[in-house]
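Residue-level structural notes
Next come the chains, spelled out residue by residue.
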Amino acid sequence: DTAVSQTPKYLVTQMGNDKSIKCEQNLGHDTMYWYKQDSKKFLKIMFSYNNKELIINETVPNRFSPKSPDKAHLNLHINSLELGDSAVYFCASSGGLGTDTQYFGPGTRLTVL
Amino acid sequence: EDQVTQSPEALRLQEGESSSLNCSYTVSGLRGLFWYRQDPGKGPEFLFTLYSAGEEKEKERLKATLTKKESFLHITAPKPEDSATYLCAVNTGGGNKLTFGTGTQLKVEL
């Protein structure tokens, strides 16, 4: 059983396009996250949601908009894609907002041409 | 600003050659230190959480320790399947935000 899943696995698109990445967790967790891993493998948090409420919003361009239709899903929509958006995006989830362990999805490799 | 530094960046070991990975941190208030393993093309896989100085945790050939300034991941008699990137992260509150280090890429050879 997949705990945290993401679609698509790979995404190749042209500059200026709009794209979405979907994330679902079946762990019954209340909190979900989006992270970006750059070409140097550095992992940095972008957003977190707790029970559909935005909790963390790091310094991310407003072209990135997370949406949480329910607490099992957190999608990431990116407008007007730029070359610098190329990276691997990971979704994660945790039981709550304390020091709960975060469990990561398999990642979505986004390539902007 | 919270900072996490991992060393070495890369480590090559022979099978059975024990070693340690280091994670140094500078934070305003540590609420937890996490170790993850990441295989190529996959998401980080949780290994350990440490909460206070002096705490130790073990899993198979891995043992994680914590002091007030750093954490070590000791690998005893490693096998080729231990090859991966090991990531350290600190939780300093603020909505369970994790700040990651840049990782140590470990390769274990026969």
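Our subject is the structure that appears above.
Just so we're clear, the structure is a prediction, and the values are computed from it rather than from any experiment.

Before going further, it helps to spend a moment on the pairing of strand β2 (residues 10–13) of chain A. Residue and element names in this part refer to chain A. Only one face of β2 is buried, namely the one carrying L11 and T13, since none of Y10 and V12 on the opposite face is buried. Here four bridges tie β2 to strand β11 (residues 108–112), and the two strands are oriented parallel to one another. Note that in β11 the partner of L11 across the bridge is L110.

What follows concerns the interface of chain B and chain A. Of the residues lining the interface, 21 residues belong to chain B; the matching set on chain A comes to 24 residues. Regarding the contact of chain B and chain A, the summed buried area is about 1,700 Å², with carbon and sulfur atoms giving 53% of it. Applying the counting rule to chain B against chain A returns one salt bridge. One salt bridge in this structure joins K97 of chain B and E58 of chain A, with 3.2 Å as the shortest N-O distance. Here chain B is connected to chain A by eight residue pairs in polar contact (both at pLDDT 80 or more). Put simply, the parts of the chain that give the side of chain B that touches chain A at least two residues each are β4 (32–38), β5 (45–50), β9 (84–91) and β10 (98–100) of chain B.

Let us look at the sheet that holds strand β8 (residues 70–75) of chain B. Residues and elements named next belong to chain B. Here we have five strands laid out as an open sheet, ordered β1-β3-β8-β7-β6, and antiparallel in their pairing. Two strands lie at the open edges of the sheet, namely β1 (3–7) and β6 (56–59), each paired on one side alone. Ignoring strand direction, the axes of neighbouring strands in this sheet form an average angle of 15°. Of the pairings in the sheet, the one linking β6 to strand β7 (residues 62–66) comprises four bridges and is antiparallel in character. Paired with K57 across the bridge in β7 is A64.

Before going further, it helps to spend a moment on the pattern of salt bridges. Residues and elements named next belong to chain A. Summed over all chains, the structure comprises nine salt bridges over all chains. Here R63 ties to D85 by a salt bridge, and the two come within 2.8 Å at their closest N and O atoms. With R63 in the loop between β6 (53–57) and β7 (64–70) and D85 in the loop between β8 (73–78) and β9 (87–94), this residue pair connects regions lying 22 residues apart in the sequence. You can call D85 buried: its relative accessible area is 4%.

A cluster of like positive charges, contributed by K9, K41 and R109 of chain A together with K42 of chain B, occupies part of the molecular surface. Relative to the helices and strands, R109 of chain A is located in strand β11. On the basis of relative accessible area, R109 of chain A is assigned to the partly exposed category, the value being 40%.

Analysis parameters
- Residues numbered from 1 in each chain as written.
- Chains lettered and ligands numbered in written order.
- Predicted model: local features only at pLDDT ≥ 70, side-chain atom pairs only at ≥ 80, totals over all residues.
- Heavy atoms only, no water.
- Buried < 20%, exposed > 50% of the residue type's maximum accessible area, 1.4 Å probe, protein only.
- Helix = DSSP H or I, 4+ residues; strand = E, 2+ residues; numbered from the N terminus.
- Pairing = 2+ DSSP bridges.
- Contact = heavy atoms within 4.5 Å.
- Buried area = accessible area lost by both parts, 1.4 Å probe.
- Salt bridge = Lys/Arg side-chain N within 4 Å of Asp/Glu carboxyl O.
- Polar contact = N/O pair within 3.5 Å; in protein donor to acceptor, adjacent residues only side chain to side chain.
- Axes fitted to C-alpha atoms, helices over the stretch in contact; angles between N-to-C directions.
- Patch = residues over 30% accessible without salt bridge, like charges linked within 9 Å, V, L, I, M, F, W, Y side chains within 5 Å.
- Areas by Shrake-Rupley, 256 points an atom, 1.4 Å probe, with all protein chains shown as cover.
- Lys, Arg positive; Asp, Glu negative; His and termini not counted.
- Charge placed at Lys NZ, Arg CZ, Asp CG, Glu CD.

These values are about where atoms sit, not about what they do.
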